[in-house]
Amino acid sequence: MQRRSFIKKSSAAGLALATVPQIAMSQEVSYSILELMGKTDIALFGKGINLRATAHDAFVEMKKAAYEDGIDLKVVSSYRNFERQAGIWERKFIRYTDDDNLTPMAAIDKIIEYSTIPGTSRHHWGTDIDLVDGNKTVTGDVLVPSKFGSGGPYEDFKKWMDEHANTFDFYLVYTDDAKRKGFKFEPWHYSFAPLSVPMLTQFRKKNILTLLEQEDFIGSEHFTNGFLTNYIQDNILDINKELL
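Let me begin by describing the structure that accompanies this report. (Residues numbered from 1 in each chain as written. Predicted model: local features only at pLDDT ≥ 70, side-chain atom pairs only at ≥ 80, totals over all residues. Heavy atoms only, no water.)

1. Section: helix 10 (residues 225-236)
Link 1 in the chain: Taking 1.5 Å per residue as the helical rise, helix 10 with its 12 residues ought to reach 16 Å, and the 15 Å between its terminal C-alpha atoms agrees with that figure.
Link 2 in the chain: Among all positions in helix 10, only Phe-227, Leu-228, Tyr-231, Ile-232, Asn-235 and Ile-236 are buried. Buried residues along helix 10 cover an arc of 135° about the axis, so they all sit on one side.
Link 3 in the chain: For helix 10, the secondary structure elements touched by its buried residues are helix 6 (104-111), helix 8 (193-205) and helix 9 (208-213). (Helix = DSSP H or I, 4+ residues; strand = E, 2+ residues; numbered from the N terminus. Expected span 1.5 Å × (residues − 1). Buried < 20%, exposed > 50% of the residue type's maximum accessible area, 1.4 Å probe, protein only. Arc of directions from axis to C-beta. Contact = heavy atoms within 4.5 Å.)

What follows is the structure in structure tokens.
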């Protein structure tokens, strides 16, 4: 199997880039804030996959390899635009405040255990994907951490991904690290690093706090500068170090 090498580059490759910096610069892609916030259409590929071209191709290769080992990589969720993320957010906010009688901030804290503020989701980029093993029959919600653990229906899937995903440049985003803050452990959420790393680099150069202060959706009126500052640091940036 042809192994990719995104994170670890050879010294020869480094020398080549050093001698022809204009080539490296010409290959740098700029992403608009509308792209990064899911507010404009982007080219997506693969029926039921919906990833950017290179991420799609890498996923297809990984899916083939997994299938040979008895794992059927099934896409639960991939690209989501701003409007769809806003719909997810608003439904949860209404449910938690109306049905569960939580205060607005308690509802927001509960939402951001697993769901992002619209405009900040990595799923806006066409690089990230939620996966399970389609060979397993599971009742109820499939995206539950315990179902990926010992004795769970997706235990073999998790072991296979732990061993092979990085070979195809896919990395777990929200790791099972007790020191990590922000979103809870998501053993199903993988990101295609060659695209998502530079996208995050560009996104974090924007004034994210100001951008979020300008948004208007149900619950956003309760955001404070302090809350948004912590959210950016903990939920957007406290992720798998391989993706920074």
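Still more ground to cover, so stick around.
2. Some words on the packing of aromatic side chains
Link 1 in the chain: Here the structure, examined in full by the defined rule, presents 14 aromatic pairs.
Link 2 in the chain: Each ring, one from Phe-59 and one from Phe-170, has its centre 6.5 Å from the other, and the planes form 75°; the classification is edge-to-face. Placement of the pair is Phe-59 in helix 4 (residues 53-68) and Phe-170 in strand 3 (residues 170-172), with a sequence separation of 111 residues.
Link 3 in the chain: Among the residues examined, Phe-59 registers a relative accessible area of 1% and is labelled buried.
Link 4 in the chain: Overall, Phe-170 belongs to the buried group, its relative accessible area being 0%.
Link 5 in the chain: Centre to centre, the rings of Phe-148 and Trp-188 are 5.7 Å apart; their planes meet at 45°, and the pair counts as tilted. (Phe/Tyr/Trp six-rings, centres within 6.5 Å; stacked < 30°, edge-to-face > 60°.)

3. Overview of helix 8
Helical periodicity: at 3.6 residues per turn, an α-helix aligns residues three or four positions apart in one direction.
Link 1 in the chain: Its 13 residues give helix 8 an end-to-end C-alpha distance of 18 Å, which sits within 8% of 18 Å, the value for a rise of 1.5 Å per residue.
Link 2 in the chain: Among all positions in helix 8, only Ala-193, Leu-195, Ser-196, Val-197, Met-199, Leu-200, Gln-202 and Phe-203 are buried.

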